[in-house]
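A structural walkthrough
Listed below, chain by chain, are the residues.
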Amino acid sequence: MTKPTAFKVLRMVVSAGIIAYRVATLDLGRIGMHLKSLRPGPILLAAAADLAMISTNSLRGRYFSRPRALRCRSTD
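Predicted, not measured: the structure shown is a model, and the values here were computed from it.

On to the overall build of the chain. Counting its regular elements, the chain contains three helices and zero strands. Counting helices and strands in the order they occur from the N terminus, the chain gives α-α-α. In the chain, which comprises 76 residues, the proportion classed as buried is 0%. For the chain, the computed accessible surface area is about 7700 Å², with 66% contributed by carbon and sulfur atoms.

Quick look at the structure:
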């Protein structure tokens, strides 16, 4: 293994270890209590705003990815 590849593998192993530790120490009862107390209005508003943002970004990307006809001046 080359040095950059070994470094990437080491980073992935350390990251996986940190994630596994955090998941193992979760208090699921407390998380469930917080999820039960959520109101649907703000969640739906956030989802609608996210959908609007994705839609406008998609349209913007579509607009800017169209080929443009450029007029070149002749240097003759």
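Moving on, there is more to tell.
Turning our eyes to something else, we now look at the packing of aromatic side chains. For the structure shown, the criterion picks out one aromatic pair. Considering the side-chain rings of tyrosine 63 and phenylalanine 64, the 5.1 Å spacing of their centres and the 75° angle between planes classify their relative orientation as edge-to-face.

This next bit is on a nonpolar patch on the surface. Residues Ile19, Val23, Leu26, Leu28, Ile31, Leu35, Leu38 and Ile43 make up a contiguous nonpolar surface patch of about 780 Å² in total accessible area. For the nonpolar patch, the secondary structure elements donating two or more residues are α1 (3–24) and α2 (28–36). Broken down by element, the nonpolar patch gets its largest block of residues, three residues, from α2. Mapping valine 23 onto the fold places it in helix α1. Owing to a relative accessible area of 54%, valine 23 belongs among the exposed residues under this scheme.

About the thresholds
- Residues numbered from 1 in each chain as written.
- Predicted model: local features only at pLDDT ≥ 70, side-chain atom pairs only at ≥ 80, totals over all residues.
- Heavy atoms only, no water.
- Helix = DSSP H or I, 4+ residues; strand = E, 2+ residues; numbered from the N terminus.
- Buried < 20%, exposed > 50% of the residue type's maximum accessible area, 1.4 Å probe, protein only.
- Areas by Shrake-Rupley, 256 points an atom, 1.4 Å probe, with all protein chains shown as cover.
- Phe/Tyr/Trp six-rings, centres within 6.5 Å; stacked < 30°, edge-to-face > 60°.
- Patch = residues over 30% accessible without salt bridge, like charges linked within 9 Å, V, L, I, M, F, W, Y side chains within 5 Å.
- Salt bridge = Lys/Arg side-chain N within 4 Å of Asp/Glu carboxyl O.

Function-wise, these values are silent; they only describe arrangement.
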